[in-house]
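If you want the building blocks of each chain, they are given just below.
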Amino acid sequence: MNEIHATSCGGLVIFRGKILTLYKNYRSRYEGWVLPKGTVEEGESHEETAVREVREESGVRADIMKYIGASHYSFSVPEGEVQKEVHWYLMQAGSYYSKPQWEEYFVDSGYYKYHEAYHLLKFSNERQILEKGYAIYLDMKKAGLWVPRQSSAT
């Protein structure tokens, strides 16, 4: 069996202490709440990918505040076993605006309190990123490094 390596980047997007989550329904075969993420395109930095994917999947323009870390998992496809690495960034949105991308099978999105988002998230590795990233957010906030920004909705 072939081993395929894939790299994605995503964001733990926070606005006023609440976390952006997306609900994906892929032809009723795959359903669940996830954090926005996607594949690195050629010539793109990890940071650029994270910002682009958050915007494409949720309509949210967010700024990177800090690198959280990477998660790893694998899954099978007809071509072989995919070894996936996802680089996660703590990001700040300028409003509660979000618009899920139907083309990518995202049917709902919203900002949720930490404990709500934690229980909504489908994957344990994303819950771990939420735990780690939210702790960084709280530390930054306490240190005065998380200054709320205002932006236009789109």
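Everything here concerns the structure above.
This write-up is about the structure you can find in this document. Everything numeric in this text was worked out from a predicted model, so none of it was measured.

**Here's the deal with unusual backbone geometry**
Its identity is not glycine, yet Arg16 carries a phi of approximately 50°, on the positive side. Inspection of the secondary structure puts Arg16 in the loop between strand E1 (2–15) and strand E2 (18–26). Not every positive phi belongs to a glycine, and Tyr105 is a case in point at roughly 70°. By the secondary structure assignment, Tyr105 is in the loop between strand E6 (80–93) and strand E7 (106–112). Residue classification places Tyr105 among the partly exposed residues on the basis of a relative accessible area of 26%.

**Side note on the nonpolar core**
Counting residues in each nonpolar core, the largest one holds 17 residues, and the members touching the most others are Leu12, Ile14, Ile19, Leu35, Ile68, Leu90 and Leu130. Elements supplying a minimum of two residues to this core: E1, E6 and helix H3 (124–142). Considering every element that reaches this core, the biggest residue donor is H3, with six residues. In this structure, Leu12 is in contact with Ile19, Leu35, Ile68, Tyr89, Leu90, Met91, Ile129, Leu130, Gly133 and Tyr134, ignoring residues within four places of it in sequence. Formed by 12 residues, the second largest nonpolar core is a distinct cluster that contains Val13, Leu20, Tyr89 and Tyr111.

Criteria and cut-off values
- Residues numbered from 1 in each chain as written.
- Predicted model: local features only at pLDDT ≥ 70, side-chain atom pairs only at ≥ 80, totals over all residues.
- Heavy atoms only, no water.
- Helix = DSSP H or I, 4+ residues; strand = E, 2+ residues; numbered from the N terminus.
- Buried < 20%, exposed > 50% of the residue type's maximum accessible area, 1.4 Å probe, protein only.
- Core = buried A, V, L, I, M, F, W, Y, C linked by side-chain atoms within 4.5 Å.
- Contact = heavy atoms within 4.5 Å.

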